[in-house]
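# What the coordinates show
What follows is the residue order along each chain.
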Amino acid sequence: QAGPNSPIRDYWLKTERKGTGFACEHITVTRLSDGNSRYDSLSRVKVNMLGTNPEEIFATGSYVVDPELLPVSFETNAKFQAKETHATGTRVGNKMMVTIKEKDGPPETREIILKDTYFDAVLEEFIARHADQKTFTVNTIGDDGRIEPTAVEILKAGADEIEAAAKGRLFTTRYRLGR
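The sections below set out a description of the structure shown in this document. (Residues numbered from 1 in each chain as written. Predicted model: local features only at pLDDT ≥ 70, side-chain atom pairs only at ≥ 80, totals over all residues. Heavy atoms only, no water.)

## Some thoughts on the packing of aromatic side chains
Heads up, the rule is: Pairing of aromatic side chains requires ring centres within 6.5 Å, counting the rings of Phe and Tyr and the six-membered ring of Trp. Pairs whose planes differ by under 30 degrees are stacked, by over 60 edge-to-face, and all others tilted. For the purposes of this entry, the term helix denotes a DSSP run of H or I that reaches at least four residues, the term strand denotes a run of E that reaches at least two, and both are numbered from the N terminus. Note on exposure labels: buried denotes an accessible area under 20% of the residue type's maximum, exposed denotes more than 50%, and partly exposed covers the range between, all computed with a 1.4 Å probe on protein chains only.
Enumeration according to the criterion identifies 5 aromatic pairs in this entry. Ring geometry for Tyr63 and Phe74: centres 6.5 Å apart, planes at 20°, overall stacked. Residue Tyr63 is found in strand E4 (residues 53-65), and its partner Phe74 is found in strand E5 (residues 71-79); the two are separated by 11 residues along the sequence. Side by side, Tyr63 and Phe74 carry an identical accessibility label, which is buried. The interplanar angle of 70° and the centroid separation of 5.9 Å between the aromatic rings of Phe74 and Phe119 together place this pair among those described as edge-to-face. Here Phe74, found in strand E5, pairs with Phe119, found in strand E9 (residues 117-119); they are 45 residues apart in sequence, far enough to count as distant. Residue Phe74 is classed as buried on the basis of its relative accessible area, which comes to 9%. Three or more aromatic residues joined by ring pairs form one cluster here, namely Tyr63, Phe74 and Phe119.

## Description of the pairing of strand E6 (residues 84-92)
Heads up, the rule is: When DSSP finds two or more bridges between a pair of strands, those strands are recorded as paired.
Where E5 meets E6, 7 bridges bridge the pair, whose relative direction is antiparallel. Across the sheet, Asn77 pairs through a bridge with His86, a residue of E6. If you look at the hairpin formed by E5 and E6, you'll find 4 residues sitting between the two strands. Relative to strand E7 (residues 95-102), E6 is paired through 8 bridges, and the arrangement is antiparallel. Across the sheet, Thr90 pairs through a bridge with Met97, a residue of E7. Linking two consecutive strands that pair antiparallel, namely E6 and E7, is a turn of 2 residues; a positive phi of about 65° is found at Gly93 within it.

## Observations regarding the pairing of E5
Sheet topology note: the E4/E5 ladder contains 8 bridges and is antiparallel. Bridge pairing in E5 places Gly61 opposite Thr76.

## Topic: the nonpolar core
In plain terms, the rule: Side-chain atoms within 4.5 Å are what join buried Ala, Val, Leu, Ile, Met, Phe, Trp, Tyr and Cys residues into a set we call a nonpolar core. It only takes one pair of heavy atoms within 4.5 Å for two residues to be counted as in contact.
If you look at the biggest cluster of nonpolar residues, it comprises 33 residues, and the most contacted ones within it are Tyr39, Ile127, Val152 and Tyr175. Once residues lying within four places of it in the same chain are set aside, the contact partners of Val152 are Ile127, Lys134, Thr135, Phe136, Val138, Ala164, Ala165 and Ala166.

## Quick notes on the pattern of salt bridges
Our working rule: The rule for a salt bridge is simple: a side-chain nitrogen of Lys or Arg has to be within 4 Å of a carboxyl oxygen of Asp or Glu.
On inspection of all chains with the given rule, the structure shows 13 salt bridges. As a salt-bridge pair, Glu111 and Lys95 come within 3.2 Å of each other at their nearest N and O atoms. In this pair, Glu111 is assigned in strand E8 (residues 108-113) and Lys95 in strand E7, connecting sequence segments 16 residues apart. Residue Arg176 pairs with Glu161 through a salt bridge whose shortest N-O separation is 3.9 Å. Taken together, the positions of Arg176 in strand E13 (residues 172-178) and Glu161 in strand E12 (residues 161-167) put the pair 15 residues apart, joining distant regions of the chain. The structure contains a network of salt bridges with shared partners spanning Arg9, Glu124, Glu125 and Arg129.

None of this, on its own, says anything about what the molecule does.
This is the structure we're talking about:
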């Protein structure tokens, strides 16, 4: 049994579009001494916009959620070929106060309303908690602060394993979760 502030599990995700994988993400979950959880993410994405400019994006993120998986705070860093972005956010009431800073630019701040919204990093746990439903939609907030509905389909919910597909605006992430 891990103590407070010790990792309790980790897992890998593969993201695909039209059946082709283009991103992988490693997530480590840590239970914090205050009862919240932190999801630390390391990801690599290969994109090729318009088929002429392949690019790799490396990103790290740390997402703190309460026991109901609702957002508390986050910090992310993303490195593209032409820019680097750092973002932080803290929940105040039902809003997330977000600051985004590109490497050489001024910080941009915004407020995001968090009505039934979860970090996409906690989808694995959210799916496990709702595996008795065949389909459902959950609002997720991505690294860019954009909120979008994510349609989840439980493909298999056995005694030992859950398989699910989460379809967002642009891509589908497949989950295979042990119970």
